[in-house]
Amino acid sequence: MTYRPADLAELREAMVQSAAVGQLLAVSGAGTASQWGGRPEHDAVLDTTAMSELISYNPTDMTVAVQAGMRLSRLQEVLAEHRQWVALDPARGATIGGIVATADAGPSRHQYGGSRDSVIGMTLVLADGTVARSGGHVIKNVAGYDLGKLLHGSLGTLAVVAEVVLRVHPRPAATATLAVPCDAAAAFDLGGQLITTALEPAAVEWCDGTLLARFDGTARGVADRLARARELAGPAATEGTPEQWRGVDRIVLGEQGDTVLRLGTAPDRTPSLAADLHRLAATYAVEAAMTSTLFAGVHTVRLRGGPAAAHAAVVTALRQTYPASTVCRWTPDLEHEITPWGDPPPAVSLLRAVKRRFDPDDRLCPGRFAPWL
Amino acid sequence: MTSHAIDTGWLAELLATLGPDNVITDPARLRTYECDGLTGYRVVPAAVALPRSTAEVAAAVRVCAGHGIPFVARGAGTGLSGGALPVADGIVISLQRLRRIIEVDPVNLCAVVEPGVTNLDISRAAAPYGLYYAPNPSSQQVCTIGGNVAENSGGAHCLKYGFTVNHVLEAEVVLADGTVTTLGGPAQYQPGFDLLGAFIGSEGTLGIVTRITVRLLAKPAHVETMVADFATVAGAGDAVTAIVAAGIVPAAIEMLDNLAIQAVGASTHSVYTADTAAALVVELDGPPDDVAEQFDHVQRICRAQGSTKIMVAADPAERALIWQGRKAAFAAVGRISSNYFVQDGVVPRGRLAEVLDRIGAMADTAGLRVANVFHAGDGNLHPLVLYCEADGEHDRAERLSSEIAELCVELGGSLSGEHGIGTDKACSMPRMFGEDDLATMLRLRAAFDPDGLCNPGKVFPTPRLCGERPGPYRPHPLEAAGVIERL
């Protein structure tokens, strides 16, 4: 069965009802991350997509409140009417709640961070129906614990995100991209130079053999910085295209039959990760692609072709060196070969303690984070 | 010293663990730690531990955990909300001796530091690489990064650059049972709940941070700073709204009203116009062309909003004078009024003019002066309620101060933008959060610290604490009746 609440009261009611009969719930938004970090066992689905309304938007305050089931793309359309945006550009056509719960972000994480950095307030509903708010509608606020941060990356296992207040930013007057075909090591060096020479790139992504650096600002300022960046980069540099940025999305999303892995490493591990991936792909005869937000140390690897065992071998080998990893898309049968996660983080006992306090009956998305939780 | 301490023997264990040179028990020396920057509350702790390493912090905490002794971590003690107020039958764990800058890593754009390092020293260490640490509270010369993590500190440049939580990648923490763990990691993506994000700003109630990896940014290529005078406070507030509405995100927008300007003028080499009703300090930084174009735009906006005079800093020395006046404003107000309360509420930016107007009217009604000096760009007010204790104005001033804080919540804002809730505003939390909100936050606290030993009495209202009203020290009713005593 599926609960599909339209507002906070109905969501709370769904939680209370399901608690009364002890149902295990899978929390779902647009369904774009249904495979992330493992598929939860469930008796019922809690679908938030009917909670898709704009709650309040005051452009001069640069804050917006939405129901969690609103799609980010829809919100960006609303904000664009006032030349504003939420500084998030994940590849998925996900809901706001889903993006927070998956800790997803896109290349703009270089300048703006992830969804944790845009969320300034949240209303959440616990498995027992408790409704809790934290944060508020102002960007500067240190009153109480930031439960919005806690929910970031929790994949629906602690509570259901009901409403979110976000900080918005002005859309830049102009934007331009530098594109430089190069390997990961050269991309990391050049990206570092762009940053330390104060050219202020808004995004520095190495995507499948090309460095993409985006500059946002005034028309004159962007033109000047792009010209200086091209000087630094040398003759191979060109002005990048929107199509090149869509290449990032294609790797992150993958297609039916692909395996997609998200990894976090110290930024300077990027060249070795790229080299290891290339070597492993050759060894196991799979096609590999990778995109990295270089100075955030966030990488997405896509594996294509070959049997599940080959994908599993590549993922397992990568994890020996780069343990902070999550499987986000599974090639068929891969679930029988590997777990969704690498080694647990040092604070895994705290993760368990928090889970026990928030969802003592383990009703929310059980199986996700297994065997950590 | 409490009889509890002697009876249990925990102090002997602490002395044996850390060595007598690293534990303070002398009553006179303990008084150094009786309060933080909020001097109205004073509690002498039973002992102060001065560990020199993570292992020693953990050892001290384990002694506490073993005996049920509450502990309070303390950095430089610059907090303004009583967050580091000791517990009479507990210990203070001072992090002043953990002050090593372990590494500046210009390749990964980060630095690894111990909690007792001052905020400014991180930027100093990063400067040779053209890098700096962005969050900069006014107290950055003395406040420590450990305290910044506890309070999620901000400062003037938060509008553009964010807060401590946006600039910390990883933290080693000692939990309430004395175990050491790591939250976060070297990358923005870490599998699992964002425990680091929840820990930052928890005001020392979830554990003690012993090592911090902070992000470093490249120093901006160009900076422009100006002071724009306005004939009315509301006019300055409207200018702030107009600047932001134009899609410009300055590095800082600060406001001083006339009383604050007078105070600054009386005590420093002031660049502010003595008789203007309000002044806006606007700073833009970034690539030169972008800054130049937007700086012109900001000046046009200020003139259109009725600015009577604009002074642009001609060089770094003039810029420093502007900031010197702004950052010295709290101290300066202390020179024109024998006593004052400082508030730290936040309002949605669009309501700045309204809230300033209402504060003015409330001050008139109370027959008191309120000086305003604050971070206008993000709506973080610092109304200073001036009063004279000797003239019996205390209660009136305290009432006005509380009313201003409540007004901020009423207008959709927050009780605190950067000073924290601490001891000072714990009793006001129910004004902003409901019972279920607070109970859910306490579930998180219980997961970290089930026995409640870690900085108890802060952030959340407790019955005993709320028997005492916020503000300067006065005896608790039970204390006055001789039932309890404060050591």
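Residues numbered from 1 in each chain as written. Chains lettered and ligands numbered in written order. Predicted model: local features only at pLDDT ≥ 70, side-chain atom pairs only at ≥ 80, totals over all residues. Heavy atoms only, no water.

A. Structural detail: the overall build of chain A. Of regular secondary structure, chain A possesses 12 helices and 19 strands. Rg of the C-alpha trace for chain A: 21 Å, near the compact-globule value of 21 Å for 373 residues, within the 12% margin. Structurally, chain A occupies a C-alpha span of about 65 × 55 × 35 Å along its principal axes. Sequence separation of at least 24 residues holds for 68% of the intrachain contacts in chain A that already meet a minimum separation of 6. Accessible surface for chain A amounts to roughly 13000 Å². Of this, 50% is attributable to carbon and sulfur atoms. For chain A, the separation between the mean place of its 34 positive charges and that of its 39 negative charges on side chains is 3 Å. (Helix = DSSP H or I, 4+ residues; strand = E, 2+ residues; numbered from the N terminus. Rg over C-alpha atoms; globule rule 2.2 N^0.38 Å. Contact = heavy atoms within 4.5 Å. Areas by Shrake-Rupley, 256 points an atom, 1.4 Å probe, with all protein chains shown as cover. Lys, Arg positive; Asp, Glu negative; His and termini not counted. Charge placed at Lys NZ, Arg CZ, Asp CG, Glu CD.)

B. View of the state of the cysteines. The full count for this structure, using the stated rule, is zero disulfides over all chains. Its sulfur unpaired, A:Cys182 is 12 Å from the next cysteine sulfur, which belongs to A:Cys207. With no disulfide of its own, B:Cys35 lies closest to B:Cys143 among cysteine sulfurs, the gap being 17 Å. Under the relative-accessibility criterion, B:Cys35 is labelled buried at 11%. (Disulfide = S-S within 2.5 Å. Buried < 20%, exposed > 50% of the residue type's maximum accessible area, 1.4 Å probe, protein only.)

C. Up close: the packing of helix H14 (residues 352-366) of chain B against helix H15 (residues 394-410) of chain B. Residue and element names in this part refer to chain B. In the contact formed by H14 and H15, the axes pass within 11 Å of each other and the chain directions differ by 160°. With respect to each other, H14 and H15 are oriented roughly antiparallel. In the packing of H14 onto H15, the handedness of the crossing is right-handed. Contacts between H14 and H15 pair Val355, Arg358, Ile359, Met362, Ala363 and Ala366 from the former with Arg396, Leu400, Glu403, Ile404, Leu407 and Glu410 from the latter. For the contact of H14 with H15, the per-class residue count stands at eight nonpolar, no polar and four charged. (Axes fitted to C-alpha atoms, helices over the stretch in contact; angles between N-to-C directions. Parallel < 35°, antiparallel > 145°, perpendicular 65-115°, else oblique. Left-handed = near helix turned anticlockwise from the far one by under 90°. Nonpolar A, V, L, I, M, F, W, Y, C, P; charged D, E, K, R; others polar.)

D. How the structure looks around the sheet that holds strand S3 (residues 44-47) of chain A. Residues and elements named next belong to chain A. Pairing within the open sheet is parallel, and its three strands lie in the order S1-S3-S2. Since the sheet does not close on itself, it has two edges, and those belong to strand S1 (2-3) and strand S2 (25-28), each with one partner. Taken together, the four bridges between S2 and S3 define a ladder with parallel strand orientation. Counterpart to Ala26 in the pairing with S3 is Val45. (Pairing = 2+ DSSP bridges.)

E. Quick peek at empty space enclosed by the protein. Residue and element names in this part refer to chain A. One pass over the structure, following the stated rule, counts six cavities of 30 Å³ or more. Looking at the largest cavity, its volume works out to about 80 Å³. Considering the residues around the largest cavity, the lining is formed by 17 residues, among which Ala105, Gly106, Arg109, Val248 and Val252 are closest to the centre. Put simply, the parts of the chain that give the lining of the largest cavity at least two residues each are helix H9 (242-253), strand S16 (287-293) and strand S17 (298-304). The class makeup of the residues in the lining of the largest cavity is seven nonpolar, five polar and five charged. (1 Å grid on protein atoms, 1.4 Å probe; cavity = no way out; pocket = protein on both sides within 12 Å on 5 of 7 lines; lining within 4 Å. Points joined across faces, edges and corners; volume = space filled by probe spheres on them.)

F. Representation of the packing of aromatic side chains within the structure. One pass over the structure, following the stated rule, counts 10 aromatic pairs over all chains. Between the aromatic rings of A:Phe369 and B:Phe193, the centroid separation amounts to 5.6 Å while the plane-to-plane angle is 85°, which identifies the pairing as edge-to-face. Here A:Phe369, found in strand S19 (residues 366-369), pairs with B:Phe193, found in the loop between strand S9 (180-184) and helix H8 (195-199), and the two come from separate chains. Here the two residues A:Phe369 and B:Phe193 agree in accessibility, since each one is buried. Members of the aromatic cluster, joined through ring pairs, are A:Trp341, A:Phe369, A:Trp372 and B:Phe193. Just above the ring of A:Trp36 sits the side chain of A:Arg92; from NZ or CZ to the centre is 4.6 Å. It is A:Arg262 that lies over the ring of B:Tyr189; its NZ or CZ is 6.0 Å from the centre. (Phe/Tyr/Trp six-rings, centres within 6.5 Å; stacked < 30°, edge-to-face > 60°. Lys NZ or Arg CZ within 6 Å of the ring centre and 35° of its normal.)

G. Representation of the environment of B:Leu50 within the structure. Counting through the fold element by element, B:Leu50 comes out in the loop between strand S2 (47-49) and helix H4 (54-67). Considering only alpha carbons, one finds B:Leu50 and B:Ala292, 242 residues apart in sequence, at a separation of 50 Å.

H. Molecular detail of the sheet that holds strand S3 (residues 71-74) of chain B. Residues and elements named next belong to chain B. The strand order across the open sheet formed by four strands is S1-S2-S4-S3, and the pairing between neighbours is mixed. Looking at which strands have only one partner, the edges of the open sheet turn out to be strand S1 (23-24) and S3. Docked against the sheet, H4 engages S2, S3 and strand S4 (91-94), running at close to 170° with respect to S4.

I. Focus on unusual backbone geometry. All names here are of chain A. In this structure, the amide linkage connecting Ala370 to the following residue, Pro371, adopts the cis form with an omega of 5°. Checked against the element boundaries, Pro371 lands in the segment after S19. In the Ramachandran plot, Ala285 falls in the positive-phi region, its phi being about 55° despite a non-glycine side chain. As for its placement among the helices and strands, Ala285 is situated in the loop between helix H10 (270-284) and S16.

J. Local environment of the side chain of B:Asn136. Residues and elements named next belong to chain B. Among the secondary structure elements, Asn136 is positioned in the loop between strand S7 (131-132) and helix H6 (145-151). Classification of Asn136 by relative accessible area gives buried; the value is 9%. A polar contact is formed between the side chain of Asn136 and the side chain of His157, at a distance of 3.0 Å. When neighbours within four sequence positions are excluded, Asn136 is seen to be in contact with Asn119, Gly154, Gly155, Ala156, His157 and Lys327. (Polar contact = N/O pair within 3.5 Å; in protein donor to acceptor, adjacent residues only side chain to side chain.)

K. Here's a closer look at H10(A). Residues and elements named next belong to chain A. In a regular helix each residue adds 1.5 Å, so 15 residues correspond to 21 Å; H10 covers 21 Å between its end C-alpha atoms and thus fits that length. Listing the buried residues of H10 in full gives Thr270, Leu273, Ala274, Asp276, Leu277, Leu280 and Ala281. The buried residues of H10 occupy an angular sector of 165° when the element is viewed end-on, so they sit on one face. Opposite the packed face of H10, turned more than 90 degrees from it, sit the exposed residues His278, Ala282 and Thr283. Looking at the buried side of H10, the elements it contacts are helix H7 (184-196), strand S12 (203-207), S16, S17 and helix H11 (308-321). (Expected span 1.5 Å × (residues − 1). Arc of directions from axis to C-beta.)

L. Here's a closer look at the packing of H7(A) against helix H8 (residues 219-233) of chain A. All names here are of chain A. Between H7 and H8, the shortest axis-to-axis distance is 11 Å and the interhelical angle comes to 140°. The angle between the axes of H7 and H8 places the two elements in the oblique class. For the crossing formed where H7 meets H8, the hand is right-handed. Contacts from Leu190, Gln193 and Leu194 in H7 reach Ala229, Leu232 and Ala233 in H8.

M. Inspection of the pairing of strand S18 (residues 325-329) of chain A at higher detail. Residues and elements named next belong to chain A. Burial runs high along S18: four of the five residues are buried. By the bridge criterion, four bridges tie strand S15 (residues 259-264) to S18 in an arrangement that is antiparallel. Opposite Leu263, over in S18, you have Ser325 as the bridge partner.

N. Representation of the interface of chain A and chain B in the model. Listed as interface residues are 80 residues of chain A and, on the opposing side, 85 residues of chain B. Of all residues in chain A, A:Lys140, A:Val142 and A:Tyr145 bury the most surface against chain B, accounting for 16% of the area lost on that side. Of the charged contacts, one joins B:Arg443 and A:Asp128 as a salt bridge, the two residues approaching to 2.8 Å between their closest N and O atoms. Tallying contributions element by element places helix H12 (residues 348-358) of chain A first for the side of chain A that touches chain B, with seven residues. Of the residues contributing to the side of chain A that touches chain B, the split by class is 38 nonpolar, 23 polar and 19 charged. (Buried area = accessible area lost by both parts, 1.4 Å probe. Salt bridge = Lys/Arg side-chain N within 4 Å of Asp/Glu carboxyl O.)

O. Here's a closer look at the nonpolar core. Counting 188 residues, the largest nonpolar core has A:Leu150, A:Val354 and B:Leu195 as the members making the most contacts within it. Excluding residues within four positions of it along the chain, A:Val354 makes contact with A:Leu150, A:Leu158, B:Phe193, B:Leu195, B:Leu444, B:Ala447 and B:Phe448. (Core = buried A, V, L, I, M, F, W, Y, C linked by side-chain atoms within 4.5 Å.)

P. Here's a closer look at the confidence of the model for chain B. All names here are of chain B. Across chain B, the average pLDDT comes to 92, with 93% of residues at 70 or higher. Counting contacts from residues 1-5, a segment whose pLDDT is below 50, to residues more than four positions away or on other chains yields 12 contacts. Predicted confidence for residues 469-476 stays below pLDDT 50, and this span has 28 contacts to residues more than four positions away or in other chains. Listed scores for the predicted complex are pTM 0.95 and ipTM 0.97. (pLDDT = per-residue confidence, 0-100.)

Q. A look at the environment of B:Gly79. All names here are of chain B. Looking at the secondary structure, you find Gly79 in the loop between S3 and S4. The exposure class of Gly79 is partly exposed, given its relative accessible area of 27%. Separated by 41 residues in sequence, Gly79 and Leu38 have C-alpha atoms that sit 6.9 Å apart. In this view, Gly79 contacts Asp36, Gly37 and Leu38; residues no more than four positions away in its chain are not counted.

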